[in-house]
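Here's the letter readout for the chains.
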Amino acid sequence: MGWDFETDPDFQAELDWIDWFVRAEVQPVDMLVSNARDVRDPLRAELIPPLQAKVRERGLWACHLGPELGGLGYGQLRLALMNEILGRSHTAPVVFGCQSPDSGNAEILARFGTDVLRKRYLEPLVDGRIVSAFSMTEPQGGSDPTQFVTRAELHGDEWVINGEKWFSSHARYASFLIVLAVTEPDAGPHRRQSMFVVPADTPGITIVRNVAVAGQDAESGAHAYIRYEDVRVPADHLLGGRGQGFAVAQTRLGGGRIHHAMRTVGLVREAFAMMCERALSRVTKGEPLARKQLVQAMIADSWIEIEQFRLLVLRTAWRIDRYNDYERVRADISAVKAAMPKVLHDVAARALQIHGSLGVSNEMPFGAWVLESFQMGLADGATEIHKTNLARSLLAEYQPAAGLFPSGHLPARRAAAREQFAARIERAVHAG
Ligand SMILES: Cc1cc2nc3c(=O)[nH]c(=O)nc-3n(C[C@H](O)[C@H](O)[C@H](O)COP(=O)(O)OP(=O)(O)OC[C@H]3O[C@@H](n4cnc5c(N)ncnc54)[C@H](O)[C@@H]3O)c2cc1C
């Protein structure tokens, strides 16, 4: 059985190398470096650049980028098969130059930045020399961007930004932030905000605190609560035009969501492999756990759920390649995004259960993965919102029933069928 999904032999050779490299050289670094984006960590500086050099040498650096930015222009389907492997390691995306939020921020800069901005920020970002943050959510509003109140006003040839942002991940290490702010207060709800590039050392930016998620120590908090007070950026640091911020944000989140999902496949497979190994080795009442039918059910359910999710991801990747239009696959991406936390939660929770007290301890990763599933259900949009988007777009393909009864009403269908085949029914009755 396994996870077989055939691809062309040349690309399979690359996948085999990635598989070996991640297992042998990158996953061990996960045990030593807790945040590979922390460019100031001396151990990170020692361990990660040599791995990045090997990826570059192999020609696999920043594969998600189009050829115009030095990438290979791999389609999403190939990226999916590749990211499945990278998902086993939290360090691997940094080693391969495709970590969030930098990959999405690079996408925005490439599409909407001026030549000067691209030179100053995009090039070092794509090269892995700097990292960035995305600063959109506010303390009083996350899911509903119309509640954001951070303002940017044009004073001469500078924008002046004031407000607070919440959960701007990795801002503490970032060289620049991409910030959403209200510039057109009188416009319609989705045309009020604009997107800016803000260098992290601009006066007036204060990190109030770096918030850690449950289960992490406070010191390692990666999600910045930021205050912007009279932060001045040049007029050309606006991305995509006045009032276009919301539209720009949407283009960015499309790619990130699907890549995250691709990597989640790899992560849940790790949990699955651990679950199977333990079920085969732990003996109780004279036989391994693997012989207990309730444990077998957990293993079967997990494999089915992982493969169902994976096929949804692969189909979405295929549709992105086919239409090259994120708007057209928005509902597919919402489906993937809504399914992702559930599959991680359910498989990690079963792996935890099968490992018993060891599973619940912090000597195994399962508790952290279960908690991570809740983060996944929020970052890049809450599950409920993605389900709502999906349902809305699915319902748009259907019509309300024309009459009093629904079109599936059996008596009406039988009557229609009788009418359609009246002559033959008549013949059959006479023949009988
Ligand atoms: C790990 C992590 C990293 C993040 N990184 C970033 C980042 O780098 N930059 C950034 O700007 N933001 C970031 N965020 C914030 C993220 O975008 C928000 O958490 C998300 O938009 C939800 O907003 P909220 O947390 O304020 O929840 P709320 O909007 O308060 O929603 C709370 C809950 O209410 C329910 N709900 C909300 N709206 C609806 C609805 N319309 N219908 C039904 N139910 C609803 C959902 O259950 C939801 O979980 C990150 C979040 C996490 C967890």
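Residues numbered from 1 in each chain as written. Predicted model: local features only at pLDDT ≥ 70, side-chain atom pairs only at ≥ 80, totals over all residues. Heavy atoms only, no water.

Concerning the overall build of the protein chain
- Each helix and strand counted, the protein chain has 14 helices and 10 strands in total.
- On the principal axes, the C-alpha backbone points of the protein chain span a range of 95 × 65 × 45 Å.
- With 432 residues in all, the protein chain has 45% of them scored as buried.
- A separation threshold of at least 6 residues defines the contact pool for the protein chain, and within that pool the share at least 24 residues apart is 72%.
- As presented, the protein chain carries roughly 22000 Å² of accessible surface, and 54% of it is formed by carbon and sulfur atoms.
- One way to put it: in the protein chain the 48 positive side-chain charges average out to a point 6 Å from where the 52 negative ones average out. (Helix = DSSP H or I, 4+ residues; strand = E, 2+ residues; numbered from the N terminus. Buried < 20%, exposed > 50% of the residue type's maximum accessible area, 1.4 Å probe, protein only. Contact = heavy atoms within 4.5 Å. Areas by Shrake-Rupley, 256 points an atom, 1.4 Å probe, with all protein chains shown as cover. Lys, Arg positive; Asp, Glu negative; His and termini not counted. Charge placed at Lys NZ, Arg CZ, Asp CG, Glu CD.)

Things to note about the UniProt feature "domain: Acyl-CoA oxidase/dehydrogenase middle" (unreviewed entry) in the protein chain
- Taking the UniProt record as the reference, the feature "domain: Acyl-CoA oxidase/dehydrogenase middle" (unreviewed entry) is found at residues 133-229.
- Along residues 133-229, the helical share is 0% and the strand share 49%, with 18 Å between the first and last C-alpha atoms. (UniProt positions renumbered as here; feature names shortened; annotations may be inferred.)

Notes on the site of the ligand
- Neighbouring the ligand are 15 residues, the closest being Phe-134, Thr-137, Ser-143, Phe-167 and Ser-169.
- With respect to the ligand, the side chain of Thr-137 contributes an N or O atom lying 2.7 Å from a nitrogen atom.
- Protein contacts shield 63% of the accessible area of the ligand, which totals 980 Å² for the unbound molecule.
- Counting residues per element, the ones that place at least two in the shell around the ligand are β1 (132-135), β3 (158-169) and α12 (383-395).
- Considered class by class, the residues forming the shell around the ligand number 7 nonpolar, 7 polar and 1 charged. (Near = heavy atom within 4 Å. Polar contact = N/O pair within 3.5 Å; in protein donor to acceptor, adjacent residues only side chain to side chain. Nonpolar A, V, L, I, M, F, W, Y, C, P; charged D, E, K, R; others polar.)

A look at empty space enclosed by the protein
- Using the criterion set out here, one finds 3 cavities of 30 Å³ or more in the structure.
- One number sums up the size of the largest cavity: a volume of about 130 Å³.
- If you go around the largest cavity, you meet 18 residues; those closest to its centre are Gly-97, Gln-99, Asp-102, Leu-125 and Val-126.
- When residues of the lining of the largest cavity are traced back to their parent elements, those giving at least two are α2 (42-58), α5 (102-112) and α6 (115-126).
- Looking at the lining of the largest cavity residue by residue, the class counts come to 10 nonpolar, 6 polar and 2 charged.
- Considered as a void within the structure, the second largest cavity measures approximately 70 Å³ in volume.
- Contributing to the lining of the second largest cavity are Ala-62, Cys-63, His-64, Leu-79, Met-82, Asn-83, Leu-86, Phe-96, Cys-98, Ser-103, His-259 and Arg-263.
- Secondary-structure elements contributing two or more residues to the lining of the second largest cavity are α3 (76-86) and α7 (245-281). (1 Å grid on protein atoms, 1.4 Å probe; cavity = no way out; pocket = protein on both sides within 12 Å on 5 of 7 lines; lining within 4 Å. Points joined across faces, edges and corners; volume = space filled by probe spheres on them.)

Concerning the pattern of salt bridges
- Enumeration according to the criterion identifies 24 salt bridges in this entry.
- The residue Arg-58 makes a salt bridge to Glu-14 at a minimum N-O spacing of 3.1 Å. Of the two residues, Arg-58 is situated in helix α2 and Glu-14 in helix α1 (residues 9-30); the sequence distance between them amounts to 44 residues.
- You can call Arg-58 partly exposed: its relative accessible area is 35%.
- Taking the relative accessible area as the measure of exposure, Glu-14 reaches 18% and is therefore buried.
- With a shortest N-O distance of 3.0 Å, Glu-153 and Arg-151 are connected by a salt bridge.
- Owing to a relative accessible area of 35%, Arg-151 belongs among the partly exposed residues under this scheme.
- A cluster of three or more residues bridged by salt bridges with shared partners is formed by Asp-19, Arg-23, Arg-88 and Glu-270. (Salt bridge = Lys/Arg side-chain N within 4 Å of Asp/Glu carboxyl O.)

Observations concerning a nonpolar patch on the surface
- Together, Met-31, Leu-32 and Leu-43 make up an exposed nonpolar region whose accessible area comes to about 340 Å².
- Looking at the secondary structure, you find Leu-43 in helix α2. (Patch = residues over 30% accessible without salt bridge, like charges linked within 9 Å, V, L, I, M, F, W, Y side chains within 5 Å.)

Overview of the pairing of β3
- Summarising the sheet, strand β2 (residues 151-155) and β3 pair through 5 bridges and their orientation is antiparallel. Note on β3: the bridge partner recorded for Ala-152 is Ile-161.
- Count of turn residues in the β2/β3 antiparallel hairpin: 2 residues, of which Gly-156 carries a positive phi of about 65°.
- Pairing geometry for β3 and strand β7 (residues 223-234), over 9 bridges, is antiparallel. Bridge pairing links Glu-164 to Arg-227 in β7. (Pairing = 2+ DSSP bridges.)

Here's the deal with the nonpolar core
- Formed by 87 residues in total, the largest nonpolar core has its most connected members in Ile-18, Met-82, Phe-96 and Met-195.
- Among all residues touching Ile-18, those that are not within four sequence positions of it are Leu-60, Met-82, Ile-85, Leu-86 and Phe-96.
- Formed by 18 residues, the second largest nonpolar core is a distinct cluster that contains Ala-152, Ala-174, Val-179 and Ile-205. (Core = buried A, V, L, I, M, F, W, Y, C linked by side-chain atoms within 4.5 Å.)

Here's the deal with the packing of helix α9 (residues 330-354) against α12
- Contact pair α9 / α12: the axes reach a minimum separation of 8 Å and the direction vectors enclose 145°. Seen from above, α9 lies across α12 with left-handed handedness. Contacts between α9 and α12 involve Ala-331, Ser-334, Ala-335, Lys-337, Ala-338 and Pro-341 from the first element and Thr-383, His-386, Lys-387, Asn-389, Leu-390 and Ser-393 from the second.
- In the contact of α9 with α12, the residues fall into 5 nonpolar, 5 polar and 2 charged. (Axes fitted to C-alpha atoms, helices over the stretch in contact; angles between N-to-C directions. Left-handed = near helix turned anticlockwise from the far one by under 90°.)

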